Structure formats: structure tokens, C-alpha cells
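# Structural characterization, general
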Amino acid sequence: MPGGHFRAQPLPLTLMLARHHHPIAAIATAPGRGAVGIVRVSGKDVAPVINAICGRALLPRQATYLPFRDAAGGVIDKGLAIHFPAPHSYTGEDVLELQAHGGPVVLQLLLARCLQAQPELRIAQPGEFTERAFLNDKIDLAQAEAIADLIDASTDVAARSAARSMSGEFSQAVNTLLAQLIGLRMLVEATLDFPEEDIDFLQKADAQGKLACLQQTLASVMQRAGQGAILREGIKVVIAGQPNAGKSSLLNALAGAELAIVTPIAGTTRDKVTQLIQMEGVPLHVVDTAGLREALDEVEKIGVERAWAEIRTADAVLFLHDLTQQSATDYIANDARIACAMALKLPEKTPIIDIWNKSDMVDAATQMHTAETARPGVVISAKTGAGLQALREQLLGVVGWQSAPEGVFMARERHIRALDGVNMQLLRAAAQLCSNQPALDLLAEDLRQAQHHLGDITGQFTSDDLLGEIFSRFCIGK
């Protein structure tokens, strides 16, 4: 193709910093005592460490049980040593793993012995083993992030989705988009490179059809990535309402445990209570807040202010109403004031679910009358559990969750932003193709920018700052 437009860009030289040429070592298991602990070493040549600690060469990728020796020849511990010669290792470099008993003192002695055996060896920074795997083309950036997401997964569905991304499912979807996009770019670039070819060339090659197909593929990837982002980030759900509406009881009912204090006394909850629960595998950060009313004292005033602060940052608000108070004029007026305040303070996209609680304490006629005269919502009893399943279904629906966990791969907010950028550029490209006199140079630039956004996901076009931000959040030894 003229101009070499579509060759993958090599990693910037600035990414290959001097520190990447030094061997690194770290304890690769969690702090504390355990049955087994691992010390990991990676570098261009780890033979000096192997000879010093193991006293013999190791067969590639075979576990060898032997004593780990200190500088004086004494035994630090006995365990398994495994040598992974480059490039067939996690990092793409020579890797040595020492599996010993999991006492913190033993592991620190082993790590100190490694540093002593090879003077240029240094302690690894957080995420540096995985960073080297990325820089050595063992994994792409989306897979690297999925490793951290797998470690941090708070539900089994999130863990399986992260595993799919780690194995390359998300990257394959992005690469499919890239292949379609590159094919379309070739048509447009050919028209630019050979001026004798006019717009008829693009029409005969069905450029519009190819773009429509690309947009359809993108929509599918965005849907799956959006679901993955919900799994990774979770959903912040704030329970709000007047005092004694049953907010704490609802938190306890959703969590299936007595987490918040429940009494008939209005104003029992003075500060927020937060609990992580899962609903169909989706992590929910549920926040119980102080009752919303004119505060009676300074402590309650602070609690109400904190409640509004939580409401403003919610992904969804459960606005609780007391069915037993629906004939009380003051109560209804205060509910209306709270609803108006929410409308003013919440972003327009934040869903509010009206929940009519204490159905066990009123008759069917009262429930029916409320349903006919009040805003649509869910009638429940936090005490008996009636209506809770309907609430769960509605809550997951309003935040965009669809029950299709097997087709979801883990995604991050930056991935969603990148895909949104691709979508915007393709919409612009479609507008150009549909115009009577398309500006082919602008069309080509839209497609180039779309490819750049896709490259951000896998790390093809990634800045040093972004890499530093991503890998600094990993644990040491990974």
C-alpha cells in the first residue's frame, strides 16, 4: 500500500527505559504467612542467581526440589525451583521462580540472597513483571489490564469475564474491528493516492456497505464491553428517603444480613452505611443514608449533608416511601420536596426507582390506591421480602445490565471512552460518504483517528504516562 499507512507502529523508544534492561526480583505472593511463598526473578540472564542459590543448573520448565543456600552454604529453606528460559516465559525474559514455605522471614531471606547473588538485580516496581510481558509482546495492554482485573474481581461472573479478556477475547474483537477498518482505509487511501479514481471507485467497492458492517461490529463490541465495565466497576446504589421509611431494613434485606441498626425511632441512621453485595454476579455498592428531613441537631445535619453527597454520585437511587404514611399530608409534602431536590441535584441520566415499602402493614386497597395515584414504582416489604425480586430486576435493568455473562469480557472506563471515540469518528465518516461531494481527505482522517482510538485499547498507540498509571496499580511481584 503506498505510503505504508497501515503498519503497526513499534513501541516508542521512551518506553524501553534503562530500568527495563536490569534484572528484577520480588516476592510474588501476598504478604503474611502461608503454606507456600514465591520469589520471582526476571532478566536477560538469571544464571548467576540459579548457581548461587540452587548450586546447579536447572532443566527448563521442570520443577526441581532442592535446598536454597545462603552465601555461606547454609540452607535457607528447601523447596521447588523452576527456570523458564527466554523467550518462553511470562515476561519473555529468563525467569526463575523459587517456591518456598510461606513465612515472611524466609521469603525476605531468599529475596536478599537473590539480590546478593547478582549485583545489578533490583527490587521490581509494582506491575513490572507484567509490564515487561507487554513490552516484550507476550500480551497486549488489554490482556495486561485483565490480569489485574482477575486478581481484583469481586464476583465469580467478574472473574470469568476477566479471564476471557486475559485469554485475548477482547483483543480479538478489537483486532477484528481493526481488520475491517484497515480494509476500508485502503479503499479511501487508494482514491487519494490515485486522483484519476473518483468517488465512483468507492461506490463500486461498496465503501458504504463496508462502513455499515464495521459499525454493526462495533455496536456488538461496545455492548459487550459496556457489560464488562459494569462488572469491573460495580454499581453505586444509594438508598434515600425520609426517616423511618425502612432504608436500613432494605439494606439488610438486599444483603441477607443484619448490617445496619433497625429501630422504630426516626433518625436512627446518622451516617452512611456501605455494603458490597452481588446481584446476578454484578457488584453493587449499596449505601444506606440518613433520613432526609430538616435536621433536629448538628449531628443529624451532618448526616443529611453526607446523604445528599452520596446521592449526587450515585449510579442509581432507590427512593424509599412509607406506605403507612400515604395519608399524612406533611409526609407527602416532604416526599415531594425531596423529589424536586433530587431532580435538581442529580445528573439527568441517573435513574431513580420509587420504592413503596411496608406492604405487610397496609391492606391491598391501600396498595392499589397508592399504585394508581403515585409515581410508578415497586411495592415491597423489606421485612417479609415481598417484591424484592422485582426490585432487583428493575434495578439491574435501569443501570443497563443484561443477563448474558458468558458473552461478556472485562473492560475498563478507558476502553469505553476509546470505543466511543471510534463510534464518533465512524459517524463522521458515514456523514462524509453520504454527502453529495464527500471530502475524501476528511474521510481518510476520520478513519485514521478511529484506528488510533482502537490502538489505544491494545497498546499500539499508548503514551508513557498511561502505561505508568496502569502498571503502578498492580501489586508488587505481578
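Residues numbered from 1 in each chain as written. Predicted model: local features only at pLDDT ≥ 70, side-chain atom pairs only at ≥ 80, totals over all residues. Heavy atoms only, no water.

### Side note on the overall build of the chain
- Assigned secondary structure in the chain consists of 16 helices and 12 strands.
- Taken across its 478 residues, the chain has 46% of its residues classed as buried.
- Of the contacts made within the chain by residues no fewer than 6 positions apart, 69% connect residues no fewer than 24 positions apart.
- Of the roughly 22800 Å² of accessible surface on the chain, a fraction of 55% belongs to carbon and sulfur atoms. (Helix = DSSP H or I, 4+ residues; strand = E, 2+ residues; numbered from the N terminus. Buried < 20%, exposed > 50% of the residue type's maximum accessible area, 1.4 Å probe, protein only. Contact = heavy atoms within 4.5 Å. Areas by Shrake-Rupley, 256 points an atom, 1.4 Å probe, with all protein chains shown as cover.)

### Describing the nonpolar core
- L250, L284 and L318 are the most contacted members of the largest nonpolar core, which has 34 residues in total.
- Counting residues per element, this core draws most heavily on helix α13 (residues 388-398), which supplies 4 residues.
- Setting aside residues up to four positions removed in sequence, L250 forms contacts with I239, L318, L320, I355, I380, A382, L388 and L391.
- Formed by 33 residues, the second largest nonpolar core is a distinct cluster that contains L218, A429, L433 and L443. (Core = buried A, V, L, I, M, F, W, Y, C linked by side-chain atoms within 4.5 Å.)

### Overview of the sheet that holds strand β10 (residues 316-322)
- What the 6 strands build is an open sheet, ordered β8-β9-β7-β10-β11-β12; its pairing is mixed. In this open sheet, the two edge strands, each paired with only one partner strand, are β8 (273-279) and β12 (378-379).
- Packing against the sheet, α13 makes contact with β7 (235-241), β8, β9 (282-288), β10, β11 (352-357) and β12, and its axis sits at approximately 170 degrees to β11. (Pairing = 2+ DSSP bridges. Axes fitted to C-alpha atoms, helices over the stretch in contact; angles between N-to-C directions.)

### A short note on the packing of helix α1 (residues 47-54) against helix α2 (residues 104-117)
- Close contact between α1 and α2 brings their axes to 9 Å; oriented N to C, the two are set at 125 degrees. Between α1 and α2, the crossing angle belongs to the class labelled oblique. As for the relative orientation of α1 and α2, their crossing is right-handed in sense. For the pair α1 and α2, the contacting residues are P48, V49, A52 and I53 in the first and L110, R113, C114 and A117 in the second. (Parallel < 35°, antiparallel > 145°, perpendicular 65-115°, else oblique. Left-handed = near helix turned anticlockwise from the far one by under 90°.)

### Points about the sheet that holds strand β4 (residues 75-84)
- Strand order in the open sheet formed by 6 strands is β3-β4-β5-β2-β1-β6, and the pairing between neighbours is mixed. Among the strands making up the open sheet, the edge pair consists of β3 (64-69) and β6 (122-123).
- Sheet topology places β4 next to strand β5 (residues 94-102); 5 bridges connect them, and they run antiparallel. In the strand pairing of β5, A81 is matched with L98.
- Relative to β3, α1 is tilted by about 80 degrees, and along the sheet it contacts β2 (34-43), β3, β4 and β5.

### Digging into the packing of aromatic side chains
- Applying the stated rule across the entire model yields 1 aromatic pair.
- For the pair F170 and F409, a centre-to-centre distance of 4.7 Å together with 20 degrees between the ring planes defines the contact as stacked. Separated by 239 residues along the polypeptide, F170 in helix α6 (residues 169-193) and F409 in the loop between α13 and α14 (413-434) bring together distant segments of the chain. This pair shows no difference in class: F170 is buried, exactly as F409 is.
- In this structure, R40 is placed above the aromatic ring of F129, and the distance from its NZ or CZ to the ring centre is 5.5 Å. (Phe/Tyr/Trp six-rings, centres within 6.5 Å; stacked < 30°, edge-to-face > 60°. Lys NZ or Arg CZ within 6 Å of the ring centre and 35° of its normal.)

### A few points about helix α10 (residues 298-312)
- With 15 residues, α10 extends 21 Å between its outermost C-alpha atoms, agreeing within 8% with the 21 Å of an ideal straight helix rising 1.5 Å per residue.
- Within the sequence span of α10, burial applies to E300, G303, V304, A307, W308, E310 and I311. Each buried residue of α10 sits inside an arc of 160 degrees when the element is viewed along its axis, so together they form one side. Exposed residues lying more than 90 degrees from the buried face of α10 are E298 and V299.
- Its buried side turned inward, α10 meets β7, β9, β10 and α11 (329-345). (Expected span 1.5 Å × (residues − 1). Arc of directions from axis to C-beta.)

### So, the pairing of β10
- With 7 of its 7 residues buried, β10 lies for the most part within the structure.
- Here β10 shows two buried faces, one formed by A316, L318, L320 and D322 and the other by V317, F319 and H321.
- Two elements, β7 and β10, share 5 bridges in a ladder whose sense is parallel. The residue of β10 that forms the bridge with V237 is A316.
- The pairing of β10 with β11 spans 6 bridges and is classified as parallel. Its bridge partner lying in β11, H321 is registered against W356.

### A closer look at the confidence of the model for the chain
- Put simply, the chain has an average pLDDT of 86, and 87% of its residues get 70 or more.
- Counting contacts from residues 1-15, a segment whose pLDDT is below 50, to residues more than four positions away or on other chains yields 28 contacts. (pLDDT = per-residue confidence, 0-100.)

### Side note on the pattern of salt bridges
- Counted by the stated rule, this structure contains 17 salt bridges.
- With a closest N to O distance of 3.1 Å, E93 and R132 form a salt bridge. With E93 in the loop between β4 and β5 and R132 in helix α3 (residues 128-135), this residue pair connects regions lying 39 residues apart in the sequence.
- By relative accessible area, R132 is classed as buried at 2%.
- In the salt-bridge network here, residues are joined through shared partners; they are E145, D149, R232, E233, R412 and R414. (Salt bridge = Lys/Arg side-chain N within 4 Å of Asp/Glu carboxyl O.)

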